[in-house]
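# Tertiary structure, described
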Amino acid sequence: MNWITNYVRPRINSIFSRREMPENLWHKCKECGTMLFHRELSDNLNVCTNCDHHMAITPRERFTALFDGGVFTDVAVPEPKADPLQFRDQKKYPDRMKAAQKATGEKEAMLVARGEIGRTPIIAAAQDFSFMGGSMGMYVGNAIIAAAQEAVRLKRPLILFSAAGGARMQEGILSLMQMPRTTVAVEMLKEAGLPYIVVLTHPTTGGVTASYAMLGDVHISEPNALICFAGPRVIEQTIREKLPEGFQRAEYLLDHGMLDRVTKRTEMRDELITITRMLMNQPPAVRGDLPAPEPEAEATKAPVEKAPAKK
Amino acid sequence: MTQYLDFEKPLAEIEGKAEELRALARANEEMDIADEAAALDAKAAVMLSDLYKDLTPWRKCQVARHPDRPHCKDYIQTLFSEYTPLAGDRNFADDHSVMGGLARFNDQPVMVIGHEKGSDTKSRIERNFGMARPEGYRKAIRLMDMAGRFGLPVITLVDTPGAYPGKGAEERGQSEAIARSTEMCLRIGVPLVSVIIGEGGSGGAVAFATANRVAMLEHSVYSVISPEGCASILWKDAEKMREAAEALRLTAQDLHKLGVADRIISEPHGGAHRDRTATIEGVGRAIGDMLKDLTGKDRDALIKDRRQKFLDLGNKGLAA
Ligand SMILES: [Zn+2]
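Everything numeric in this text was worked out from a predicted model, so none of it was measured.

Okay, the packing of helix 6 (residues 178–191) of chain A against helix 8 (residues 174–187) of chain B next. Closest axis-to-axis distance for the helix 6 of chain A/helix 8 of chain B pair is 10 Å, and the angle between their directions is 70°. Taken as axis vectors, helix 6 of chain A and helix 8 of chain B run roughly perpendicular relative to one another. Here helix 6 of chain A runs over helix 8 of chain B; the crossing is right-handed. Contact with helix 6 of chain A, carried on its side by M179, P180, T183, V184 and E187 of chain A, involves A179, T182, E183 and L186 of chain B of helix 8 of chain B and no other residues of that element. A class-by-class count of the residues in the contact of helix 6 of chain A with helix 8 of chain B yields five nonpolar, two polar and two charged.

With 42 residues of chain B in contact, the opposing surface of chain A contributes 42 residues. Sorting the residues of the side of chain B that touches chain A by element identifies helix 7 (167–171), helix 8, helix 9 (202–209), strand 7 (221–223), helix 10 (227–235), helix 11 (241–248) and helix 14 (299–311) of chain B as the ones contributing at least two each. Ranked by residue count, the leading element in the side of chain B that touches chain A is helix 8 of chain B, at eight residues. Classifying every residue of the side of chain B that touches chain A gives 24 nonpolar, 11 polar and seven charged.

A separate point is the domain arrangement of chain B. Each assigned domain of chain B is listed with its residue range as follows: domain 1 (7–53) and domain 2 (61–311). Each of domain 1 of chain B and domain 2 of chain B has a C-alpha centre, and the two are 37 Å apart.

Residues and elements named next belong to chain A. Following the UniProt record, the feature "binding site: Zn(2+)" (unreviewed entry) maps to C29, C32, C48 and C51 here. Spatially, the listed residues are clustered: although they cover 23 residues, their C-alpha atoms lie within 8.7 Å of one another. With respect to the secondary-structure elements, C29 resides in the loop between strand 1 (26–28) and strand 2 (35–37). Classification of C29 as partly exposed rests on a count of 18 C-beta atoms within 10 Å. The contact partners of C29, leaving out residues within four places of it in the chain, are T34, L36, C48, N50, C51 and H53. By secondary structure assignment, the location of C32 is in the loop between strand 1 and strand 2. Those residues in contact with C32 that lie beyond four places of it in its chain are C48, N50, C51 and H53.

The rules behind these values
Numbers given for residues are sequential positions, taken from 1 along each chain in its written order. Chain letters start at A and ligand numbers start at 1, both assigned in the order the entries are written. At least 70 in pLDDT is required for a residue's local features to be given in this predicted model, at least 80 for side-chain atom pairs to be given and counted, and no such filter applies to totals for whole chains, interfaces and linings, which use all residues. Between N-to-C directions, angles cover 0 to 180 degrees, with each direction set by a line fitted to C-alpha atoms, over the stretch in contact for helices. Helical segments are the DSSP runs of H or I of at least four residues, strand segments are the runs of E of at least two, and each set is numbered from the N terminus. By definition in this entry, angles of less than 35 degrees are roughly parallel, angles greater than 145 are roughly antiparallel, angles of 65 to 115 are roughly perpendicular, and the rest are oblique. By definition, any crossing whose near helix is turned counterclockwise from its far helix by less than a right angle is left-handed, and any crossing with a clockwise turn is right-handed. We call two residues in contact when the distance between their C-beta atoms, placed using the backbone, is within 7 Å. Any residue that is not Ala, Val, Leu, Ile, Met, Phe, Trp, Tyr, Cys, Pro, Asp, Glu, Lys or Arg is counted as polar, Gly included; the first ten are nonpolar and the last four charged. All domain edges in this entry derive from an automatic or database-based domain assignment. UniProt positions are given in the numbering used here, feature names are shortened, and annotations may be inferred rather than shown by experiment. Remark: C-beta atoms are placed from the backbone, and a residue is labelled buried if 20 or more other C-beta atoms sit within 10 Å of its own, exposed if 12 or fewer do, or partly exposed between those counts.

Right, dumping it as C-alpha cells:
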C-alpha cells in the first residue's frame, strides 16, 4: 500500500494548495505515546505503526491513497447561498468559514472525486472532520447529491467516507434539511441499481449517522470509530450513569448489527475494490493491472502510464 | 387552572386579581365588584394580545412546549373517526411515544402517525415525553409502508423534543431507524402531509416530516437543535438560549420564508392552549386543504413532488 504515496501527481483541478508540511517532524500517538516520524506516519495512512490507532486523515490524503496512481478528478459541487440565516453566535458564521478554509486549504467539508480503484471506475465522496467538524450544511448536501448524480450519469458505484460531528448549526433548519436531501441522493443510486458503500470513520454522529451514513448497501467502519446518533456525554447526562467501555465504537456497532465490517485503513482500499467489483459484476481485480511499486527516487516523476490489464 | 409561562407573569397577576375579586363577591353579596373586575378583564385582554403580538423566538419555544397545548392524541380524537391504533415494530417493542393507526379523515381512510408527549405525570412517563426510541420509528416505517401499499394517504403530527438519547436506543440503532423512516417517507406513493403541532425536534421530527406538504402551527418551532443545546455548544452557556433561539431561525414564520413550511396555521388569541378546540379545528382544515392539493397526482408524481421539494430547499432565503 505504501507505494501509492509515491505517485502523488500534482492535481490540476485543485485551486487550493496542499497543507503545508508540519513544522514538527515527529508526531506523538495519543493512544500509545510512541513518537512517529511524519513520513512513516503518512506512509501508513496516519495509522500508528505501533498500536494501530487511526488518526484523522484529510479527504485529499485519503483519495491520493485510494485512487490508482493517486489520480483523481474533483467533481464540481453547486455552490449554495452563503450564510443563509445570517447566523451569528459569538462569532459570525462567515468568519468561522474563512477560518476553516484557511486552516484546511479546502472550500468546504466534503470532497467529491471520480477516478479508478484497482481499475474499477468509482465516484468517491469524503467528509473532512477538520473543516468545522465535518458538519453537514447545504454544501455537504449539495456534494452528496452531486456525487450521486455523477455516479448515476457514469453508472459507477459511490463510496462515501463519513466523518462529522453532525449538522451545521449555523445553517439552522437548512442543515437539518440535509437529512431528507441526502436521502433523496441515496434513493437515486438505489433506483439506478448502483452500489452505495459507506465507510464510517471517526467520528460519525448526529444527523449524518441518521441519514446517508446508515443507508449504505454495505457499511464498513475504521477500527474504534465513534458512531452514534446521540453522543456519549448527552446519554450519560440523560440516564445519569456511566457508559461501558467501547460503547458506540465501531466494534460495538458491529456486535449490534449496524455494520457489516470493521476494517483497518491500510486494508480498506483492497476491500473496497473486492466488494465493488463483485457488486458491479466485474471479474476479480487482477494483481498485475496496477503500476508496480517504484523506489523512493521516483516520487517526483510524472505519473506512470496505465498498464494494460492483463488476463 | 391556567399554567402561566414566565413571560406571562404580569398577566397572571391581573387575572389573579380579577379572580380574587369575584371570589370575594361570591362570599359577600353586598360587594359590587362588577366594574372593577371588568376593568381588570379588559386590561388582561390587552396585555394578552400585546404579549402574543410579537413573540420572540425563545417565547415561541416556550409556547410550543406548553403542557396544555393540544397533543397528538387530542387531534386524533377530534379530527379522525374509527381510529384504530396499530402497535409494535414486529421486532422488539411497541413505543408509546409514537401513536399511529388506521383512521378516517372526513370519511376517507388514512394512516395517522404522530409523537405523543402525554398530558400528566403518568402519561408523560409512559409516552417518554414524546421522545421516540428506534421502535417508534420502525413502527412508523411499517405503517407508512402499509399505507403506501393500500393507497391510504399518510398524515403525520410532529411534536417531539427529539429522538431519545438513551443507551438502549443507541444499541438498537436509533440512527438507522431515523434514516429508514426518512427514506420510507420519500418512497411511498401516496400523499404524505405533516403538521408541526408543537416542537419539531431535530432528526426525530425529520423522520416524520419529510412530506409533500408541511404545515406549522403559528407558535410551533422546528429546529436542528434545541436552543439550550445550541447555546451550550456555541455560546458555552446553556443560559444563552434566547440568543440561540434567535439565531437558529426556528419559528414557523422564518421557516415559511425559507420554504421549509408550506403554510402557517394561525393559533387562537394567546396561543393554542387558550383555545384547544379552535386550534384543533384549524389544523383539521389545513390537513384537508393539503390533501386536496395533492389529489389527482399519481404515485410517481407524488414521489417526485416530495423529492423535488427537498432538493429545491436552500434556494429561498430570508429577507434581511
Ligand atoms: Zn499508537
